[in-house]
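The lines below spell out each chain.
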Amino acid sequence: MRPKHWEDKKLTASLVVNETEVVSSDTHKIDYLKNGVAFDLEWNSKDQTFDRDLYAFRTFFEYKKISVGILVTRSNDLDPYFESLGKYNDMNGIERKYKEKYGASTTHWGKLIPRLEAGRSGGCPVLAFGITQKLLSQ
């Protein structure tokens, strides 16, 4: 997306009273921003990343810097696929299952939807996509 001039952005807000800055805060960085659209891809981060993303969308929206947020993550539909990948040796030579890399505490559809339903994006509309097995190419 960078070649198409999407850029990462962080919003800095300040409260100024009588020409003196009393509070300043930054948002979580949004991965891609262009023409009022914020886009984040969360593949396998800690699930708290969704909270940061949605809070950033909310803040950018409230300050009229975006009109919509888009989040792409993996669907739980991919769990059987990760199971089918079997095992690998990690960098310490320890045998591990691929599916363990995509555990319950990482970003996936099942962790995103309750946050959206709870209104964590405030008034910011969010378009969410869950990548499913239908997109796998063999």
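For the structure, check the block above.
Report follows, based on the coordinates. (Residues numbered from 1 in each chain as written. Predicted model: local features only at pLDDT ≥ 70, side-chain atom pairs only at ≥ 80, totals over all residues. Heavy atoms only, no water.)

**Topic: the overall build of the chain**
We apply this condition: The numbering of helices and of strands both runs from the N terminus, where a helix is a DSSP run of H or I of at least 4 residues and a strand a run of E of at least 2. Throughout, radius of gyration means the C-alpha value; the globule benchmark is 2.2 Å times the number of residues raised to the power 0.38. Note on contacts: a residue pair qualifies if any of its non-hydrogen atoms lie within 4.5 Å across the two residues. Values of accessible area rely on a 1.4 Å probe in the Shrake-Rupley scheme; residue burial ignores everything except the protein chains shown. For this count, His and the chain ends are skipped, Lys and Arg are scored as positive, and Asp and Glu as negative. Here the site of a charge means atom NZ of a Lys, CZ of an Arg, CG of an Asp or CD of a Glu.
A tally of regular secondary structure across the chain gives three helices and nine strands. For the chain, the sequential pattern of α-helices and β-strands runs β-β-β-β-β-α-β-α-β-β-α-β. For 138 residues, the compact-globule estimate of 2.2 N^0.38 gives 14 Å, and the chain exceeds it by more than 25% at 18 Å. Expressed along its principal axes, the backbone C-alpha trace of the chain runs to roughly 65 × 35 × 35 Å. Sequence-distant contacts in the chain: of pairs separated by 6 or more residues, those separated by 24 or more amount to 66%. Working note: accessible area of the chain is about 8900 Å², and carbon and sulfur atoms make up 51% of it. For the chain, the distance from the average site of its 21 positive side-chain charges to the average site of its 19 negative ones is 3 Å.

**Section: helix 1 (residues 48-62)**
Keep this limit in mind: The span expected for a helix works out to 1.5 Å for each residue beyond the first.
Taking 1.5 Å per residue, 15 residues should reach 21 Å; helix 1 reaches 21 Å between its end C-alpha atoms and fits that length. Buried positions along helix 1 lie against strand 1 (7-9), strand 4 (30-34), strand 5 (37-42), strand 6 (68-74), helix 3 (109-117) and strand 9 (126-131). One or two steps after helix 1, the chain reaches lysine 64, where phi turns positive at roughly 60°.

**Details of the environment of cysteine 124**
Selection rule: Categorising residues by exposure relies on relative accessible area from a 1.4 Å probe, with only protein chains included: less than 20% of the type maximum marks a residue as buried, more than 50% marks it as exposed, and the intermediate range marks it as partly exposed.
Residue placement: cysteine 124 occurs in the loop between helix 3 and strand 9. The exposure class assigned to cysteine 124 is buried, which follows from its relative accessible area of 3%. Along the chain, cysteine 124 and threonine 59 lie 65 residues apart, while their C-alpha atoms are 8.6 Å from each other. Residues in contact with cysteine 124, not counting those within four places in the same chain, are Phe57, Arg58, Phe61, Ile66, Val68 and Gly69.

**A short note on the pairing of strand 6**
Put simply, side chains in a regular strand alternate between the two faces of the sheet. Threshold: Between any two strands, pairing holds if DSSP finds at least two bridges.
With six of its seven residues buried, strand 6 lies for the most part within the structure. Pairing analysis gives six bridges linking strand 5 to strand 6, with the strands arranged parallel. Within the sheet, the bridge partner assigned to valine 37 lies in strand 6 and is valine 68. As judged from the six bridges shared by strand 6 and strand 9, these two strands associate in the parallel manner. Within the sheet, the bridge partner assigned to valine 72 lies in strand 9 and is phenylalanine 129.

**Notes on the environment of valine 16**
Its place among the elements puts valine 16 in strand 2 (residues 12-17). The class for valine 16 is exposed, based on a relative accessible area of 52%. Taking the C-alpha atoms as reference points, valine 16 and alanine 38, separated by 22 residues in sequence, lie 27 Å from one another.

**Regarding the pattern of salt bridges**
Our working definition: We define a salt bridge as a side-chain nitrogen of Lys or Arg found within 4 Å of a carboxyl oxygen belonging to Asp or Glu.
Under the counting rule described, the total for this entry stands at nine salt bridges. Measuring nitrogen to oxygen at the nearest pair gives 3.7 Å for the salt bridge that ties lysine 111 to aspartate 47. Of this pair, lysine 111 sits in helix 3 while aspartate 47 is found in the loop between strand 5 and helix 1, placing the two residues 64 residues apart along the sequence. One salt bridge connects arginine 115 with aspartate 51, and the closest N-O pair in it is separated by 2.8 Å. Separated by 64 residues along the polypeptide, arginine 115 in helix 3 and aspartate 51 in helix 1 bring together distant segments of the chain. Residues joined in a network through salt bridges with shared partners are Asp47, Asp51, Lys111, Arg115 and Arg120.

It is worth stressing that arrangement in space is one thing and function is another; only the former is reported here.
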